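# Structural characterization, general
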Amino acid sequence: MRSYKLLLFLLCRLLFCTDSMAQPYTLRHLGVEDGLSNNYVRDIAQDKQGCIWVATELGLNRFDGCNFTTYKSNNSQLINDALNVLLYDETENVVWIGGKFDGISALDCSTYQFYSYTSQDEIRADNIVHLSHASDGGLWLTPHYGNIVHYDKHSRTFTSLADMGIENLNKSNWCCFDDGEGHLYIGHAQSGMSIINLKNKTVRKLSHANNNPQSLPGNSIYSIYKDHLQNIWVGTNRGLGLFNPKTEEFTVFRHESDNPHSLIADHIYDIKEMNDGTLWIASDIGGISILDLHSITFKSPEKVQFYNITADNSKHGVTSGNIRTLLQDSFGNIWLCDNGLFKYDK
């Protein structure tokens, strides 16, 4: 199994140029030698106190800017050390935790107490690989295999999509996204994307078609993200898609070997918008692509330029191209799951 740690980029300002971009950052490395419980980092979150929470294959870590505090099943109420995903809930000051166990756990960031909630009846909610906020105030739980599950935080009840009357969905998943307008997007593993109308309980299934360049780029969907311009971005195993919900068509971006300003790689794991209005795209076996969202207006995909940070082991680059997760914290720092916990100082 490949090892993944964290990267931290401290960005004071990012200047875009059409032909070239400087990389004015120096590197500081943090890892297990600094107190991180394990180098296989799965997810990152920040609480309102400013602490960074790091989920690994061997426990949960809190980084206060100087030191790590590790929480494991043998020194806390954490029920399992093999974690997959974190989601911070600002209203309750809680970090929700999904992993290789049944149900979900919650960490109270004020008391550092853990609470566990397991699924009931016939609902399967184990090996949660993605957590997201629901528009009704609850949570959407994405198990790697099984029905997407809604969790009501007040009644502490689990309800699957099947129990809601929504059937015939693929049962292998990577992520889901609630658009706040009555639609739930589900990113499947190898079988495309489903869009559910939660009110009418109808399902629209989208998949890649070789003869349609405006179809879904690939059939494994790892990330679905809406930016401040209301663009919906979809990260797949075969490129990045900009989705138009009205036409149900995609503008597709892929890596071009002869174009240094194309997408850095086609296997897209995470997509996040930063405070400066740039979109960061994390890829496998490539690195990071950065897109000025204003540069895509009225342009064809082949004319859109990405700024790419490659895995070159330099003081400005990343040491591995396998970037899994992105986070910009309240101080403007950008964190990346990669081969180490790194801090890039301008």
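Heads up: the structure comes first, above all this text.
Keep in mind that what you see is a predicted model, and the values were worked out from it rather than measured.

### Concerning the sheet that holds strand E7 (residues 83-89)
With respect to topology, four strands assemble into an open sheet ordered E7-E8-E9-E10, the strand pairing being antiparallel. The open sheet is flanked by E7 and strand E10 (114-117), the only strands paired with a single partner. Between one strand axis and the next, the sheet turns through 25° on average, direction left out of account. Two elements, strand E8 (residues 94-99) and strand E9 (residues 104-108), share four bridges in a ladder whose sense is antiparallel. Paired with Val-94 across the two strands is Asp-108, which belongs to E9.

### Thoughts on the packing of aromatic side chains
Taken as a whole and assessed by the stated rule, the structure comprises 17 aromatic pairs. Arranged with centres 4.8 Å apart and planes meeting at 50°, the rings of Tyr-151 and Phe-158 form a pair that is tilted. Like Phe-158, Tyr-151 is buried. When the ring of Phe-253 is compared with that of Phe-306, the centres are 5.8 Å apart and the planes differ by 85°; the resulting orientation is edge-to-face. Residue Phe-253 is located in strand E22 (residues 249-253), and its partner Phe-306 is located in the loop between strand E25 (287-292) and strand E26 (307-310); the two are separated by 53 residues in the primary sequence. The same class applies to Phe-253 and to Phe-306, which are both buried. Three or more aromatic residues link up through ring pairs in this structure, and these residues are Trp-53, Tyr-71, Tyr-112 and Phe-114.

### Here's the deal with a negative patch on the surface
On the surface, a cluster of negative charge is contributed by Asp-121, Glu-122, Asp-163 and Glu-167. Looking at the secondary structure, you find Asp-163 in the loop between strand E14 (157-160) and strand E15 (173-178).

### Some points on the sheet that holds strand E17 (residues 193-197)
In space, the four strands of this open sheet follow the order E15-E16-E17-E18, with antiparallel pairing throughout. What marks the edges here is a single partner per strand, and that holds for E15 and strand E18 (202-206). In this sheet, neighbouring strand axes are inclined to one another by 20° on average, regardless of whether the strands run parallel or antiparallel. In this structure, E17 lies alongside E18, joined through five bridges in antiparallel fashion. Paired with Asn-197 across the strands is Thr-202, a residue of E18.

### Observations concerning the pairing of E25
Buried residues dominate E25, accounting for five of its six residues. Sheet topology places strand E24 (residues 278-283) next to E25; five bridges connect them, and they run antiparallel. Residue Thr-278 lies in a different strand from E25, and its bridge partner there is Asp-292. In this antiparallel pair of consecutive strands, E24 and E25, the connection spans three residues, and Ile-285 shows a positive phi of 55°. Judged from the four bridges that link them, E25 and E26 form a sheet pairing that is antiparallel. In the sheet register, Ile-288 faces E26, and the bridge partner there is Ile-309.

### Topic: the side chain of Ser-119
Position of Ser-119 among the secondary structure elements: in the loop between E10 and strand E11 (128-133). Owing to a relative accessible area of 15%, Ser-119 belongs among the buried residues under this scheme. For Ser-119, the side chain forms a polar contact with the side chain of Asp-102, separated by 2.9 Å. Within the structure, Ser-119 has its side chain in polar contact with the backbone oxygen of Ile-123 (distance 3.1 Å). The residues touching Ser-119, leaving out its near neighbours within four places in the chain, are Asp-102, Gly-103, Ala-125 and Phe-158.

Calculation rules
- Counting restarts for each chain, with residues numbered from 1 along the sequence as it is written.
- In view of the model being predicted, local features appear only for residues whose pLDDT reaches at least 70, and side-chain atom pairs are presented and counted only at 80 or more, with totals across whole chains, interfaces and linings using the full set of residues.
- The side-chain figures draw on all heavy atoms in the structure; neither hydrogens nor water molecules are used.
- Paired strands are those between which DSSP finds at least two bridges.
- Going along the chain from the N terminus, every DSSP run of H or I of four or more residues is numbered as a helix, and every run of E of two or more is numbered as a strand.
- To define axes, lines are fitted to C-alpha atoms, for helices over the stretch in contact only, and angles between the resulting N-to-C directions are given on a 0 to 180 degree scale.
- Only the six-membered ring of Trp is used, alongside the rings of Phe and Tyr, when aromatic pairs are assigned; centres must lie within 6.5 Å, and planes under 30 degrees apart are stacked while those over 60 apart are edge-to-face, with the rest tilted.
- Exposure is judged per residue with a 1.4 Å probe applied to protein chains only, and the accessible area is read against the type maximum: over 50% gives exposed, under 20% gives buried, and values in between give partly exposed.
- What makes a patch is a set of residues exposed beyond 30% relative accessible area and free of salt bridges, joined within 9 Å when like-charged and within 5 Å when nonpolar (Val, Leu, Ile, Met, Phe, Trp, Tyr).
- For every accessible area listed, the method is Shrake-Rupley and the probe measures 1.4 Å; residues are considered covered only by the protein chains on display.
- Salt-bridge detection follows one rule: a side-chain nitrogen of Lys or Arg within 4 Å of a carboxyl oxygen of Asp or Glu.
- His residues and chain termini do not enter the charge count, which takes Lys and Arg as positive and Asp and Glu as negative.
- Just so you know, the charge point we use is NZ for Lys, CZ for Arg, CG for Asp and CD for Glu.
- Nitrogen and oxygen atoms within 3.5 Å of one another constitute a polar contact, given that in protein one can donate a hydrogen and the other can accept it, and given that sequence-neighbouring residues count only through two side-chain atoms.
- By definition in these notes, contact holds between two residues if any of their heavy atoms fall within 4.5 Å.

By themselves these figures say nothing about function.
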